[in-house]
Amino acid sequence: MPDLTQRLTELEAEMARQRDHLEIRQLIASYGPMVDTALDLPRASRVAELWTEDGVYDIGAVGSKSGRAEIAHAYEARHFRQAREGICHVMGPPFVQLNGDHATALNYSCVFRPDGENRFYAWRVAANKWELSRVEGRWLVKRRTNRLMNGDSEALAMLGVVDAMVETGDRSPD
Amino acid sequence: MPDLTQRLTELEAEMARQRDHLEIRQLIASYGPMVDTALDLPRASRVAELWTEDGVYDIGAVGSKSGRAEIAHAYEARHFRQAREGICHVMGPPFVQLNGDHATALNYSCVFRPDGENRFYAWRVAANKWELSRVEGRWLVKRRTNRLMNGDSEALAMLGVVDAMVETGDRSPD
Amino acid sequence: MPDLTQRLTELEAEMARQRDHLEIRQLIASYGPMVDTALDLPRASRVAELWTEDGVYDIGAVGSKSGRAEIAHAYEARHFRQAREGICHVMGPPFVQLNGDHATALNYSCVFRPDGENRFYAWRVAANKWELSRVEGRWLVKRRTNRLMNGDSEALAMLGVVDAMVETGDRSPD
């Protein structure tokens, strides 16, 4: 039955591709609820576990944090207080390009905070580039770069790779 | 051909899992356009059909509504008027955990309203927990809990389940 | 092996359906990063290539643009300047209905712009109806209609088709 086997093998490959897209979307969708309930260091450490052991979170003017411990501590300075007041990291839908055990995703994040009664304001509207790796079967963040969308030329240069990503589409594993 | 049969059976299970994720995303994505065009009770009743017959919509300070009729009437007090002025329920991407014929999704909702010319403001930025059930093959809302992200401790407690959801991942049907 | 062949054929059809949903979501997710980095006509022309050759972008009061050249030029009047100041087209999750080589998607778009230091405002919150076609294997925009959510009756009428879309669900290719 070579024909059935061939069709089955192609289906398995396409299914695995769609599963990777789904899991990467899940990873990015989990960030908001995790970070916005991180009121203390133990919970911030859970957020940091979305990164690889040697992962990097490059937050522009806020600095670049390397490794899970540094990423967890990055939330200490002001985030724990903000989370008690209410803060809401809403993600835009990611555009994702797979490349075997690696992937790149681009999306926007809008961070809302309360603005008096019955009103919220967008504090940070930023572009994100997520460089992801599959580690022991699980997608993790290798490097996340975040830049405010306030005319910052780095934000525009970072997002501009979208053209090439759209043209190439997903790449097969080598 | 036990090997092909086994591979096919595994593919069918994974395909069904991905279909459930897709349909739940579709359900949540339909809410905004449905509710924002609900100018009267007949259309609000269509929105309420996204819930199970005995479904609950717990809207915090606005109250908790049980059953489709009560949910439809919940929109009468102010929503019909707001919909005529323009109101926009924008959903954030959901994080979803399947558990057989049940599922839980967490996401944010941002409700925008006009704020003079060429400007809109975020009126309600809220966390949502969607408890979903498959009824006669269709995913419906069994209970939706909505809490403003203004430091409300209930919102933070509700969202905090995300850690356990991320750790467990989808569960298989029993 | 008629049974295995039948199961395989059904899997292939469902897989293709889910792939179409994924690719349409990717197309819509690519729009924000592409348009917000379009500082000049060559890059605006790349954005316009998301449309079919004879595609239409109907932007309400801004006018209706036909064909890729007109769509690219539509960004000249004010968008290039805004993109240098920072502008951010954040998409809401689309509700999608497939119909063979055609598809319809409804979603919201929120366009944020800087509002002084550490604050952004929602300039345009709009409903979008995307009428899509598969051309040589690639999903493209045949017509996109965009209407502000400020009580505009055209926006409400356009979005109101969601009820019928939810009821019908995806249609099979003829």
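Enquirer: I'd like a rundown of the overall build of chain A, residues and numbers included.
Expert: A count of helical and extended segments in chain A gives six helices and seven strands. Reading the helices (α) and strands (β) of chain A from amino to carboxyl end gives α-α-β-β-α-α-β-β-β-β-β-α-α. Along the first, second and third principal axes, the C-alpha set of chain A runs to 65 × 35 × 35 Å. Residue burial in chain A is summarised as follows: out of 174 residues, 55% are buried. Pairs at least 24 residues apart make up 54% of the contacts formed inside chain A by residues separated by at least 6 positions. Chain A carries 22 positive and 26 negative side-chain charges, and their two centres are separated by 5 Å.

Enquirer: Describe the packing of helix α2 (residues 41-48) of chain C against helix α3 (residues 67-74) of chain C, naming the residues involved and giving the relevant values.
Expert: The relative placement of two packed helices comes down to the angle between their axes together with the axis-to-axis distance. Residue and element names in this part refer to chain C. The contact between α2 and α3 brings their axes to 8 Å, and the two run at 130 degrees. Of the possible angle classes, the one that applies to α2 and α3 is oblique. Crossing angle aside, the handedness with which α2 passes α3 is right-handed. Contacts between α2 and α3 pair L41, A44, S45 and A48 from the former with R68, I71, A72 and H73 from the latter. For the contact of α2 with α3, the class distribution of residues is five nonpolar, two polar and one charged.

Enquirer: Could you give me a rundown of the relation of the copies chain A and chain B, with the residues and numbers involved?
Expert: One copy of the chain maps onto the second through a rotation about an axis and a displacement along it. Expressed as a screw transformation, the operator carrying chain A onto chain B has a rotation angle of 120 degrees and an axial translation of 0.0 Å, and the superposed copies differ by an RMSD of 0.0 Å. The transformation relating the two chain copies, once decomposed into turn and shift, fits a three-fold axis. Taken as a fraction of all interface residues of chain A, those also at the interface in chain B reach only 18%, which identifies the copy contact as different-surface.

Enquirer: Break down the relation of the copies chain C and chain A for me, with residues and values.
Expert: When chain C is brought onto chain A, the operation consists of a screw motion whose angular component is 120 degrees and whose axial shift is 0.0 Å, with 0.0 Å RMSD remaining. An overlap of only 18% is found between the interface residues of chain C and their copies at the interface of chain A, pointing to separate contact surfaces.

Enquirer: So what's going on with the interface of chain C and chain A? Residues and values would help.
Expert: At the interface, 38 residues of chain C touch 36 residues of chain A. Summed over both partners, the interface of chain C with chain A buries about 3,300 Å², with 66% contributed by carbon and sulfur atoms. Among the residues of chain C in contact with chain A, M15, Q26 and F120 of chain C are the three that bury the most area, contributing 20% of the side total. The interface formed by chain C and chain A includes five salt bridges. Between R43 of chain C and D163 of chain A there is a salt bridge; the shortest N-O distance is 3.0 Å. Linking chain C to chain A there are twelve residue pairs in polar contact (both at pLDDT 80 or more). Elements with a contribution of two residues or more to the side of chain C that touches chain A: α1 (2-36), α2, α4 (79-85), β3 (88-91) and β5 (102-114) of chain C. Examining the composition of the side of chain C that touches chain A, we find that 18 residues originate from one element, α1 of chain C, more than from any other.

Enquirer: Go over unusual backbone geometry with me, naming the residues and quoting the values.
Expert: Note: most peptide bonds trans; most residues except glycine with negative phi. The phi angle at N118 of chain C is positive, at roughly 55 degrees, despite the residue not being glycine. Along the polypeptide, N118 of chain C turns up in the loop between β5 and β6 (120-135).

Enquirer: Please provide a residue-by-residue account of the environment of S172 of chain B, values included.
Expert: Residue and element names in this part refer to chain B. Relative to the assigned elements, S172 resides in the segment after α6 (162-168). When its relative accessible area of 58% is taken as the criterion, S172 is described as exposed. Sequence separation of S172 and Q97 is 75 residues, and the distance between their C-alpha atoms is 10 Å.

Enquirer: Quick one: what's the story with the pairing of strand β1 (residues 51-58) of chain A, residue by residue and with numbers?
Expert: All names here are of chain A. Of all eight residues making up β1, six are buried, and the element is well covered by its neighbours. Where β1 lies against strand β7 (residues 138-148), four bridges are found, and the strand directions are parallel. Its bridge partner being in β7, W51 is matched across the sheet by V141. Between the antiparallel neighbours β1 and strand β2 (residues 64-66) lie five residues, among them G60 with a positive phi of about 65 degrees.

Enquirer: Tell me about the pattern of salt bridges, and name the residues and values.
Expert: All chains considered together, the criterion is met by 48 salt bridges over all chains. Salt-bridge contacts for R46 of chain B lead to D163 of chain C; the nearest nitrogen and oxygen are separated by 3.8 Å. A residue pair is termed interchain when its members come from two chains, as with R46 of chain B in helix α2 (residues 41-48) and D163 of chain C in helix α6 (residues 162-168). Assessed through its relative accessible area of 28%, R46 of chain B is described here as partly exposed. Exposure remark for D163 of chain C: the relative accessible area of 7% places this residue in the buried category. Two residues, R134 of chain C and D101 of chain C, come together in a salt bridge whose shortest N-O distance is 2.8 Å. Taken together, the residues span a long stretch of sequence, with R134 of chain C in strand β6 and D101 of chain C in the loop between β4 (95-99) and β5 at a distance of 33 residues.

Enquirer: Please set out the packing of aromatic side chains residue by residue, giving values where relevant.
Expert: The way to describe two aromatic rings as a pair is by their centre distance and the angle between their planes. Under the counting rule described, the total for this entry stands at twelve aromatic pairs over all chains. Centre to centre, the rings of W51 of chain B and Y57 of chain B are 5.1 Å apart; their planes meet at 35 degrees, and the pair counts as tilted. On the accessibility criterion, W51 of chain B (1% relative accessible area) is buried. An aromatic cluster is present here, built from Y31, W51, Y57 and W130 of chain A joined pairwise through their rings. When the ring centre of Y121 of chain C is taken as reference, the NZ or CZ atom of R119 of chain B above it lies at 4.0 Å.

Enquirer: So what about the confidence of the model for chain A? Which residues, and what values?
Expert: Of all residues in chain A, 98% have pLDDT values of 70 or greater, and the mean over the chain is 95. Model confidence for the complex: the whole-complex pTM is 0.97, and ipTM, which rates the interface, is 0.96.

Enquirer: Now, about helix α2 (residues 41-48) of chain A: what can you tell me, with residues and values included?
Expert: All names here are of chain A. Within α2, burial applies to A44, V47 and A48. Across the axial projection of α2, the buried residues extend over an arc of 100 degrees, all falling on one side. By the N-cap criterion, in which a side-chain oxygen at the helix start approaches the backbone nitrogen of a residue two or three places on, α2 is capped by D40, the distance to R43 being 3.1 Å.

Definitions and cut-offs
- Residues numbered from 1 in each chain as written.
- Chains lettered and ligands numbered in written order.
- Predicted model: local features only at pLDDT ≥ 70, side-chain atom pairs only at ≥ 80, totals over all residues.
- Heavy atoms only, no water.
- Helix = DSSP H or I, 4+ residues; strand = E, 2+ residues; numbered from the N terminus.
- Buried < 20%, exposed > 50% of the residue type's maximum accessible area, 1.4 Å probe, protein only.
- Contact = heavy atoms within 4.5 Å.
- Lys, Arg positive; Asp, Glu negative; His and termini not counted.
- Charge placed at Lys NZ, Arg CZ, Asp CG, Glu CD.
- Axes fitted to C-alpha atoms, helices over the stretch in contact; angles between N-to-C directions.
- Parallel < 35°, antiparallel > 145°, perpendicular 65-115°, else oblique.
- Left-handed = near helix turned anticlockwise from the far one by under 90°.
- Nonpolar A, V, L, I, M, F, W, Y, C, P; charged D, E, K, R; others polar.
- Least-squares fit on C-alpha atoms with pLDDT ≥ 70 in both.
- Buried area = accessible area lost by both parts, 1.4 Å probe.
- Salt bridge = Lys/Arg side-chain N within 4 Å of Asp/Glu carboxyl O.
- Polar contact = N/O pair within 3.5 Å; in protein donor to acceptor, adjacent residues only side chain to side chain.
- Pairing = 2+ DSSP bridges.
- Phe/Tyr/Trp six-rings, centres within 6.5 Å; stacked < 30°, edge-to-face > 60°.
- Lys NZ or Arg CZ within 6 Å of the ring centre and 35° of its normal.
- pLDDT = per-residue confidence, 0-100.
- Arc of directions from axis to C-beta.

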